[in-house]
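# Breakdown of the fold
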Amino acid sequence: MIPLERQRQILEVLQGQGTATIAELCDLLGVSHMTVRRDINALEGLGRVASVSGGVSLPARLVLDQSHAVKEGMCLAEKAAIARRAAAMVGSGDLVLLDAGTTTLAIARELADRSDLAFVTNDLAIATFLSESAICGDLYLASGRVDRANLSTEGDHVASFIADFNVNIAFLSTSSFDLRGPSVPTEAKKVVKRAIVESSQRTVLVTDSTKYGRVAALRAARLAEFDAVITDTGLSESAREGIADADIPLVLADAS
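Here we summarise the structure given alongside this text. Given the structure is predicted, the values throughout are model-derived calculations rather than measurements.

## Here's the deal with the sheet that holds strand S5 (residues 95–98)
- Strand order in the open sheet made by the seven strands is S7-S6-S5-S10-S13-S16-S17, with parallel pairing throughout. Edge positions in the open sheet fall to strand S7 (139–141) and strand S17 (250–253), since each of these has one partner strand only. Going across the sheet, the axis of each strand differs from the next one's by a mean of 20 degrees, ignoring polarity.
- Both strand S6 (residues 118–121) and S7 contribute to a ladder of three bridges, which runs parallel. In the strand pairing of S7, Val-120 is matched with Tyr-140.
- On the sheet, helix H5 (residues 76–87) packs against strand S10 (167–173), strand S13 (200–206), strand S16 (228–232) and S17 and is oriented at approximately 150 degrees with respect to S16.

Dropping the structure here:
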């Protein structure tokens, strides 16, 4: 059986039951574990499937972002570990851009005692925290339409504001990503992500591993556009291999 036929059968199984183990697929197709894994890797690179522990599933579709209040209580240890590794990448005197998100809020907390830094953000919670608690230099809040549920700003005005800066390092967050890159549910969020990537000397994707395998309507950036990916050790082995194959530095933060 040729690879395309095997991959078609894998997709049919997943469309019928949602997930499948590697052992199930080996039995169905009559091939080795390594062959099934190669087929899964090929489909994963196309965004057709997502690896899970011990098997594979269809990508989860993200229609709307969860609210800031909900996200703030999720994966706290992982976000703190990611933030520590991210903060270590920030150089003396850097202009740092923090994308909207609770992982980037954790990074802000790690950098609050750095008086040599300046910040740009489109996150209202980050701007409030830094203005009240940090000893940083200049602090810029990108103005535009307010997404009240996410405590952030979005849209063309925000993107234009960000495009005026020469950012040393940007930390871009996401609620969904795969081997093609992060995705977003709306055009208003996409234009901001694009402005961040295009205005920064270095752009780092920061996200906990639970976001892997989710797909939203619009592709925000290609994975190859990032200078590094920081996530936690829960990321699947297949995803780790895919990021390594793309020659992108991967940092796995240990939440323990």
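## Overview of the side chain of Lys-211
- In this structure, Lys-211 sits in the loop between S13 and strand S14 (214–215).
- Note on Lys-211: relative accessible area 8%, which makes it buried.
- Dropping the residues within four chain positions of it, Lys-211 is found in contact with Thr-174, Ser-175, Ser-176 and Phe-177.

## Notes on helix H7 (residues 124–133)
- For H7, the full list of buried residues reads Ala-125, Ile-126, Ala-127, Phe-129 and Leu-130.
- Its side-chain oxygen 2.8 Å from the backbone nitrogen of Ala-125, Asp-123 forms the N-cap of H7.

## A short note on the packing of aromatic side chains
- Taken as a whole, this structure holds three aromatic pairs when the rule is applied.
- Between the aromatic rings of Phe-161 and Phe-165, the centroid separation amounts to 5.4 Å while the plane-to-plane angle is 45 degrees, which identifies the pairing as tilted.
- For Phe-161, a relative accessible area of 24% gives the class partly exposed.
- Ring plane angle 70 degrees and centroid distance 5.2 Å describe the contact between Phe-177 and Tyr-212, whose orientation is recorded as edge-to-face.

## As for the packing of helix H1 (residues 3–17) against helix H3 (residues 33–45)
- Between H1 and H3, the least distance of the axes is 10 Å, while the angle of their chain directions is 75 degrees. Compared by their axis directions, H1 and H3 come out roughly perpendicular. Residue-level contacts link Pro-3, Arg-6, Gln-7, Ile-10 and Leu-11 of H1 to Thr-35, Asp-39, Ala-42 and Leu-43 of H3.
- Considered class by class, the residues forming the contact of H1 with H3 number five nonpolar, two polar and two charged.

## Observations regarding the nonpolar core
- With 30 residues, the main nonpolar core has Val-96, Leu-98, Ile-107, Leu-111, Phe-119, Phe-171 and Val-206 as its most contacted residues.
- Counting 29 residues, the second-largest nonpolar core is a separate cluster that includes Phe-165, Val-167, Val-191 and Ile-196.

## Regarding the sheet that holds strand S15 (residues 218–219)
- Taking strand neighbours across the sheet as the criterion, the three strands line up as S11-S12-S15 in an open arrangement whose pairing is antiparallel. The open sheet has two edge strands with one neighbour each: strand S11 (177–178) and S15.

## A closer look at the pattern of salt bridges
- All chains considered together, the criterion is met by 14 salt bridges.
- Close ionic contact of Lys-193 with Asp-99 constitutes a salt bridge, the shortest N to O distance being 2.5 Å. One end of the pair, Lys-193, is in helix H9 (residues 187–199); the other, Asp-99, is in the loop between S5 and helix H6 (102–111), and 94 residues separate them in sequence.
- Residue classification places Lys-193 among the buried residues on the basis of a relative accessible area of 9%.
- Here Asp-99 falls in the buried class, since its relative accessible area comes to 2%.
- Among the ionic contacts, a cluster of salt bridges with common partners joins Arg-145, Asp-147, Glu-154 and Lys-189.

## Details of the pairing of S10
- Among the seven residues in S10, six count as buried, and that is most of the element.
- Here S10 runs beside S13; their pairing, made up of six bridges, is parallel. What sits directly across from Ser-173, in S13, is Val-206.

Definitions and cut-offs
- Residues numbered from 1 in each chain as written.
- Predicted model: local features only at pLDDT ≥ 70, side-chain atom pairs only at ≥ 80, totals over all residues.
- Heavy atoms only, no water.
- Pairing = 2+ DSSP bridges.
- Helix = DSSP H or I, 4+ residues; strand = E, 2+ residues; numbered from the N terminus.
- Axes fitted to C-alpha atoms, helices over the stretch in contact; angles between N-to-C directions.
- Contact = heavy atoms within 4.5 Å.
- Buried < 20%, exposed > 50% of the residue type's maximum accessible area, 1.4 Å probe, protein only.
- Polar contact = N/O pair within 3.5 Å; in protein donor to acceptor, adjacent residues only side chain to side chain.
- Phe/Tyr/Trp six-rings, centres within 6.5 Å; stacked < 30°, edge-to-face > 60°.
- Parallel < 35°, antiparallel > 145°, perpendicular 65-115°, else oblique.
- Nonpolar A, V, L, I, M, F, W, Y, C, P; charged D, E, K, R; others polar.
- Core = buried A, V, L, I, M, F, W, Y, C linked by side-chain atoms within 4.5 Å.
- Salt bridge = Lys/Arg side-chain N within 4 Å of Asp/Glu carboxyl O.

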